[in-house]
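Topology and contacts: notes
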2 protein chains.
Amino acid sequence: MQFREYTWSKAEKKIARKAFDRAYEREMTHIRKEISERVRTLNEPTDVWALHEYLSEKRESIDAKYDYRYSQLLFVFARLLRDGYLEERDLVGLSQDKLQAIAVLLDIDGEP
Amino acid sequence: MQFREYTWSKAEKKIARKAFDRAYEREMTHIRKEISERVRTLNEPTDVWALHEYLSEKRESIDAKYDYRYSQLLFVFARLLRDGYLEERDLVGLSQDKLQAIAVLLDIDGEP
């Protein structure tokens, strides 16, 4: 999908950075909770390696997802909204055309 | 280092298997304890990735170390004795020449 280039005002960049960092913090908190849950039932060697697999997947997906380039940011925000790590109110203050673009991406992503 | 081939009696194979499994169980218990310790202080995203690194290293070292081929077993046992996951009494019943070979390997490994 081709996207036109958006310009980001200083105020928007501030909002974007804050939303991005907040989502990252929320997702890492979720992962920490998941680890704690798994550690409670860490009885077998296979549980240890399952935890390792889980962390490998999370590391890969987080490295890929949290891409703070302005060219990628609308895709990133759509994904984070879908995954529940961002709420619409976190993005209040971005221009209407950006919010609409995110909504379009969210719809596309949400299609079965 | 070249090693001559050893023959393993049925009784020795049983002792070897038991010692091997016991060491594996001890090391996995040690790893589970280490994970629990780390999870207690899992406050920052970097702690999560440090735990992942730890598990990656352990997975690699365990896969490499626990090699149950009779051609490798004396090396494996020497390593496990050195690492503290086996005790000499776990190997009682192996032939004297095998125990001596393990002692030689342990001395070589222990050299600075």
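Quick caveat, the model's predicted, so the values are computed rather than measured. (Residues numbered from 1 in each chain as written. Chains lettered and ligands numbered in written order. Predicted model: local features only at pLDDT ≥ 70, side-chain atom pairs only at ≥ 80, totals over all residues. Heavy atoms only, no water.)

Of the transformation placing chain A onto chain B, the axial shift is 0.0 Å and the rotation is 180°, giving an RMSD of 0.0 Å. Here the two chains are linked by the operation of a two-fold rotation axis. For chain A, the smallest separation between a C-alpha atom and the rotation axis is recorded for His52 of chain A, amounting to 3.2 Å. Taken together, the interface assignments show that 100% of the residues at the interface of chain A recur at the interface of chain B, consistent with an identical surface on both copies. (Least-squares fit on C-alpha atoms with pLDDT ≥ 70 in both. Contact = heavy atoms within 4.5 Å.)

So, about the side chain of Glu27 of chain B. All names here are of chain B. Looking at the element boundaries, Glu27 is found in helix α1 (residues 10–40). On the basis of relative accessible area, Glu27 is assigned to the buried category, the value being 2%. In this structure, Glu27 is in contact with Ile62, Lys65, Tyr66, Leu80 and Tyr85, ignoring residues within four places of it in sequence. (Helix = DSSP H or I, 4+ residues; strand = E, 2+ residues; numbered from the N terminus. Buried < 20%, exposed > 50% of the residue type's maximum accessible area, 1.4 Å probe, protein only.)

To describe two helices that pack against each other, one gives the angle between their axes and the distance between the axes. At a minimum axis separation of 10 Å, helix α1 (residues 10–40) of chain A and helix α2 (residues 45–65) of chain B run at an interaxial angle of 45°. When the axes of α1 of chain A and α2 of chain B are compared, the pair comes out oblique. For the element pair α1 of chain A and α2 of chain B, the recorded crossing hand is left-handed. Two secondary-structure elements touch here, α1 of chain A through Tyr24, Met28, Ile31, Arg32 and Ile35 of chain A and α2 of chain B through Pro45, Val48, Trp49 and Leu51 of chain B. Partitioned by chemical class, the residues of the contact of α1 of chain A with α2 of chain B number 8 nonpolar, no polar and 1 charged. (Axes fitted to C-alpha atoms, helices over the stretch in contact; angles between N-to-C directions. Parallel < 35°, antiparallel > 145°, perpendicular 65-115°, else oblique. Left-handed = near helix turned anticlockwise from the far one by under 90°. Nonpolar A, V, L, I, M, F, W, Y, C, P; charged D, E, K, R; others polar.)

It is worth spelling out α1 of chain B at this point. Given a rise of 1.5 Å per residue, 31 residues ought to cover 45 Å, and the 46 Å separating the end C-alpha atoms of α1 of chain B matches this to within 8%. Restricting attention to buried positions, one finds in α1 of chain B the residues Glu12, Ala16, Ala19, Phe20, Ala23, Glu27, Met28, Ile31, Arg32, Ile35 and Val39 of chain B. (Expected span 1.5 Å × (residues − 1).)

Bringing the nonpolar core into the picture now. Residues Ile35, Leu55 and Phe77 of chain A together with Ile35, Leu55 and Phe77 of chain B are the most contacted members of the largest nonpolar core, which totals 66 residues. Taken together, the elements giving at least two residues each to this core come down to α1, α2 (45–65), α3 (73–83) and α4 (96–110) of chain A together with α1, α2, α3 (73–83) and α4 (96–110) of chain B. Residues contacting Ile35 of chain B, with those up to four places away along its chain left out, are Val39, Leu42, Val48 and Leu51 of chain A together with Leu51, Tyr54 and Leu55 of chain B. (Core = buried A, V, L, I, M, F, W, Y, C linked by side-chain atoms within 4.5 Å.)

Attention now moves to the packing of aromatic side chains. Under the criterion given, the structure shown has 10 aromatic pairs over all chains. Judged by centre distance (5.4 Å) and plane angle (85°), the rings of Phe20 of chain B and Tyr66 of chain B are edge-to-face. Of this pair, Phe20 of chain B sits in helix α1 while Tyr66 of chain B sits in the loop between α2 and α3; the two residues are 46 residues apart in sequence, bridging distant segments of the chain. Accessibility expressed as a relative area gives 6% for Phe20 of chain B, which makes it buried. Judged by its relative accessible area of 11%, Tyr66 of chain B falls in the buried class. An aromatic cluster is present here, built from Trp8, Phe20, Tyr24, Tyr66, Tyr68 and Tyr70 of chain A joined pairwise through their rings. One Lys or Arg, Arg17 of chain A, reaches over the ring of Tyr68 of chain A and ends 4.2 Å from the middle of that ring. For Lys98 of chain B, the ring lying beneath its charged end belongs to Trp8 of chain B, and the centroid distance is 4.9 Å. (Phe/Tyr/Trp six-rings, centres within 6.5 Å; stacked < 30°, edge-to-face > 60°. Lys NZ or Arg CZ within 6 Å of the ring centre and 35° of its normal.)

Our focus in this paragraph is the interface of chain A and chain B. Across the boundary between the two partners, chain A contributes 21 residues, which contact 21 residues of chain B. The interface formed by chain A and chain B holds 2 salt bridges in total. Among the salt bridges present, the one from Arg59 of chain B reaches Glu53 of chain A, with a minimum N-O distance of 3.7 Å. The interface formed by chain A and chain B holds 5 residue pairs in polar contact (both at pLDDT 80 or more) in total. Looking at the side of chain A that touches chain B, the elements with two or more residues in it are α1 and α2 of chain A. Per-element accounting of the side of chain A that touches chain B gives the leading share, 11 residues, to α2 of chain A. Split by residue class, the side of chain A that touches chain B holds 12 nonpolar, 4 polar and 5 charged. (Salt bridge = Lys/Arg side-chain N within 4 Å of Asp/Glu carboxyl O. Polar contact = N/O pair within 3.5 Å; in protein donor to acceptor, adjacent residues only side chain to side chain.)

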